[in-house]
Amino acid sequence: MAESEAEVPKAKPRPIVRLGIFLISHSCLFSVICCTAGVLTLLLLPVLAKNTYISENALMPGSANPMFSSQEVSEANRLVKSLTSLDSKPVGSGIESQRLIAEYMSDLGAEISYHKFYPRSNQFHPLHFFSYPDSGSTRENVSCISHGLNTVGIIRAPRGDGKEAIVLVTPYNSLKVGPGEALSLGIAYSVFSLLTQVTWLAKDIIWLVADSRYGEYAAVNAWLRDYHMPVFSGLSALKAEICPVSNVHNELKENSVTERKINDGFRRAGTMATALVIKVTDGSEHFEDSLSIYAEASNGQMPNLDLINIVNYLAVHRQGLRVKVEKMRSLINCKWLKILGEILQSLGHVAKSLNPQWKFGIPAKDYVEGAATLASSLYYQALGVPTGPHGAFRDYEIDAITMEISSRVALNNKARKNDFLLRGGRLIEGVIRTVNNLLEKFHQSFFLYLLTSPSKFVSVGVYMIAFALLVASLPVVAASLYADAHKVDPSFGIDKSTPQASATDELSITPRSCKWLNAAKKVFLVHLWGAVVSFLPYFICQIPSCTPTTSFVVWVLLSSFSLPILSLILGSSFSYGRPSQPQKRDWTLLKSVTISAAFIGLCLMSVINFATAEIGALLMVPMCLMAQPLKLDIRSRKLRKFLRVACNLALGFLGFPPAGFFVLKGAFEGFGGITVGDFWSWLESIWSWSSATYLYIAGWFERTRS
């Protein structure tokens, strides 16, 4: 009977289990392959980019002939001339320019209202992080002359039901209207004038003349906040405890002609389908008129790709404008990037010679420009700071972009100026007419994408491959470390890799499986420390008259002292004595738990902001894989160990946010005049926008400590 039992074959593990065992046993090779493949895939994204296309058939851009004519151009010139002549006079508070714009609106029969707002502080508050757009509070000691005043005009659509609207935004400084601002107001007014006469309009048109004396974003965001929140009092009652009854609003309503059409309450239209921010810059182009598109919003949010495709199509194929998106200029002249582009171009030629249907590779020049555009798109999405006032609309799930039109020459010539206004007005008219055809909100096309040019993009299904390859090695290495830590336990003298352990021994070994709880406790302590570090700026900002340099020094000192205090409270220690075998096992478990936490954090961050997770993975994955106690490597006196120490120190230095900030700023702008206060000022700009990148920067103690 014993012989028959011995002849029974053992059940083989499933293929997926055998694959997991194989990967764990070869975790080092697997990590090298995955990290290399992830970096190469990231470099290949400009080659893998696809041409843009309009997904929503109902849009039909360019299907109708433009109605914008020389008559509207004369209207634009009239407003520009009035603003320019007004700007030459000492106006003082800018009331005259606002009254002038309101008069022009009233002549068109639009509903006019003023929106008064007060500057809001961007003070960091941990309880408001990610909670609500513009969670700042009104600044203290505001007065009647320290507020901004937006002018709003609304056209009711003859074929609409008042449930949808399109927004035109023209930021301008009411105290001094520049030439570019005057032209942007002229273009918007001419289009606004045309839309009061058309019969095909099915969506209400809102023209927001945003007072940008306290910032373009602040003016637009204040209006959007009040638009989406109920207001139960009129403009004259707003801040009545501060301003007297004879306020600026009453001064603006002194004109009896427009008084009947100016509403005291907050006027609204329907749900916003889209928003266009119109800006005109001084002539700086050498070849042709250009249009720059800015689309990045807070925390990497992007508008629907169809909106960018519409603007790009109409600008290029209807108005002959050169469309541009932001590029990282420092990469244009990068030698290694040019060499890589030439290699990929050669590989493309070889692939095409083998099979003409294989379309791999692009010209080296296009690759360099695509990589520079891709890097810029990644950077601004990861930074989490909007690139224009359009970002305020994305916080309310409204698709919006900023259109910055630039002329190739100065607009002193009247004929050249009229041609510029004609092309700009027809472009805006075409975009509005296209969006007017939309039967529902933008839902086709992509919301998650990276641009490599105005007409090429990388979808989420492609760029996630690079991130997945980078982080794929983390769980495998964590499992391998956990398995190595439990093979041999010298404290008991039992080798778990041999099958001779008795049942009594197994019962005595069972408590060892809970040793990972000590490592988890230390990792939890570091994460708790990171949370404390992220909250400290709120208290530091309460210190009066504190310079950025002083704030940074105080932040570093308080952060350094908080770790020992938390260690004493939780009874956890990070110190290691001589490198005994049990301590090596404890370090292995600690690294396993740390890598697991980093993997979970990167995956969660990829849901919030992919660009932040991608850049974080490029920095954190090598640090996690190569991290070892420096004492153990130094005492070994081996060349391989010393090389690993050098790599760990280099990665730790670059992963240290202040050091990385100074290195990058010095490389791009020069090292002259850089102070530690610059990092604090940059950090303030990050947290004021509730950027997810701030969570990474506040946790730099955790990463460098691990």
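Scroll up for the structure.
Residues numbered from 1 in each chain as written. Predicted model: local features only at pLDDT ≥ 70, side-chain atom pairs only at ≥ 80, totals over all residues. Heavy atoms only, no water.

Turning our eyes to something else, we now look at the overall build of the protein. Counting its secondary structure elements, the protein contains 28 helices and 14 strands. The proportion of buried residues among the 706 residues of the protein is 47%. On the protein, roughly 34,200 Å² of surface is accessible, and the fraction owed to carbon and sulfur atoms is 61%. (Helix = DSSP H or I, 4+ residues; strand = E, 2+ residues; numbered from the N terminus. Buried < 20%, exposed > 50% of the residue type's maximum accessible area, 1.4 Å probe, protein only. Areas by Shrake-Rupley, 256 points an atom, 1.4 Å probe, with all protein chains shown as cover.)

In this section: the pairing of strand E3 (residues 148-155). Where burial is concerned, most of E3 is hidden: eight out of the eight residues are buried. Side chains Gly148, Asn150, Val152 and Ile154 project from E3 onto one buried face, and the interleaved Leu149, Thr151, Gly153 and Ile155 project onto a second face that is buried too. The sheet contact formed by strand E2 (residues 111-117) and E3 spans seven bridges and is antiparallel. What sits directly across from phenylalanine 117, in E3, is glycine 148. Relative to strand E5 (residues 204-211), E3 runs antiparallel, the two being bridged by five bridges. Within E5, the position partnered with threonine 151 by the bridge is valine 209. (Pairing = 2+ DSSP bridges.)

Our focus in this paragraph is the packing of helix H16 (residues 460-471) against helix H17 (residues 473-485). Axis separation between H16 and H17 bottoms out at 5 Å; the angle between their running directions is 10 degrees. With respect to their mutual orientation, H16 and H17 come out roughly parallel. In contact with Leu469, Leu470 and Val471 of H16, H17 contributes Ser473, Leu474 and Pro475. Its residues placed into classes, the contact of H16 with H17 shows five nonpolar, one polar and no charged. (Axes fitted to C-alpha atoms, helices over the stretch in contact; angles between N-to-C directions. Parallel < 35°, antiparallel > 145°, perpendicular 65-115°, else oblique. Contact = heavy atoms within 4.5 Å. Nonpolar A, V, L, I, M, F, W, Y, C, P; charged D, E, K, R; others polar.)

So, about empty space enclosed by the protein. Scanning the model with the defined rule gives one cavity of 30 Å³ or more in all. Estimates place the volume of the largest cavity at around 90 Å³. Surrounding the largest cavity, Ile293, Tyr294, Ala295, Glu296, Val325, Glu326, Thr373, Ser376, Ser377, Tyr380 and Leu451 form its lining. Listing elements by their share of the lining of the largest cavity, those giving two or more residues are strand E8 (290-294) and helix H13 (364-383). (1 Å grid on protein atoms, 1.4 Å probe; cavity = no way out; pocket = protein on both sides within 12 Å on 5 of 7 lines; lining within 4 Å. Points joined across faces, edges and corners; volume = space filled by probe spheres on them.)

Pairing between sheet strands relies on hydrogen bonds along the backbone, with the strands arranged either parallel or antiparallel. Read across the open sheet, the three strands follow the order E1-E12-E11; overall the sheet is antiparallel. Whereas interior strands pair on both sides, the edge strands pair on one side only; in this sheet they are strand E1 (50-51) and strand E11 (449-453). Pairing geometry for E11 and strand E12 (residues 456-459), over four bridges, is antiparallel. Along E12, the bridge assignment pairs tyrosine 449 with serine 459. Contacting E11 and E12, H16 runs over the sheet at an angle of about 60 degrees to E12.

The subject of this paragraph is the packing of aromatic side chains. If you walk through the whole model with that rule in mind, you get 13 aromatic pairs. Look at tyrosine 189 and tryptophan 207: their rings are 6.4 Å apart centre to centre, the planes differ by 40 degrees, and that puts the pair in the tilted class. Residue tyrosine 189 is found in helix H7 (residues 179-195), and its partner tryptophan 207 is found in strand E5; the two are separated by 18 residues along the sequence. The pair formed by tyrosine 189 and tryptophan 207 is uniform in burial state, with each residue classed as buried. A ring pair is formed by phenylalanine 679 and tryptophan 682, whose centres lie 6.0 Å apart and whose planes are at 40 degrees; its orientation type is tilted. Separated by three residues within a single helix, phenylalanine 679 and tryptophan 682 lie in helix H26 (residues 676-688), roughly one turn from each other. What makes phenylalanine 679 buried here is its relative accessible area of 0%. One aromatic cluster is present, formed by Tyr104, Tyr189, Phe192 and Trp207 through successive ring pairs. (Phe/Tyr/Trp six-rings, centres within 6.5 Å; stacked < 30°, edge-to-face > 60°.)

Attention now goes to H7. For H7, which comprises 17 residues, the first-to-last C-alpha distance of 24 Å matches the rise-based estimate of 24 Å (1.5 Å per residue) to within 8%. Within H7, 15 of the 17 residues are buried, which leaves it mostly tucked inside the rest of the structure. (Expected span 1.5 Å × (residues − 1).)

This next bit is on the packing of helix H20 (residues 548-570) against H26. At their nearest, the axes of H20 and H26 sit 7 Å apart, and the two run at 85 degrees to each other. Taken together, the axes of H20 and H26 lie roughly perpendicular to each other. Listed contacts from H26 to Pro548, Thr549, Ser551, Phe552 and Trp555 of H20 are Val676, Gly677, Phe679, Trp680, Ser681 and Leu683. Here the contact of H20 with H26 is composed, by residue class, of seven nonpolar, four polar and no charged.

Turning our eyes to something else, we now look at the nonpolar core. A general trend in soluble globular proteins is that nonpolar side chains are found buried together. If you look at the biggest cluster of nonpolar residues, it comprises 72 residues, and the most contacted ones within it are Leu185, Trp207, Leu291, Ile401 and Ile432. Among the elements that make up this core, the one with the highest residue count is H7 (10 residues). Discounting residues that sit within four places of it in the chain, leucine 185 has contacts with Leu79, Leu83, Ile101, Thr170, Tyr172, Val177, Trp207 and Val209. Among the nonpolar cores identified, the runner-up in size contains 31 residues, and Val458, Leu470, Val471 and Val621 belong to it. (Core = buried A, V, L, I, M, F, W, Y, C linked by side-chain atoms within 4.5 Å.)

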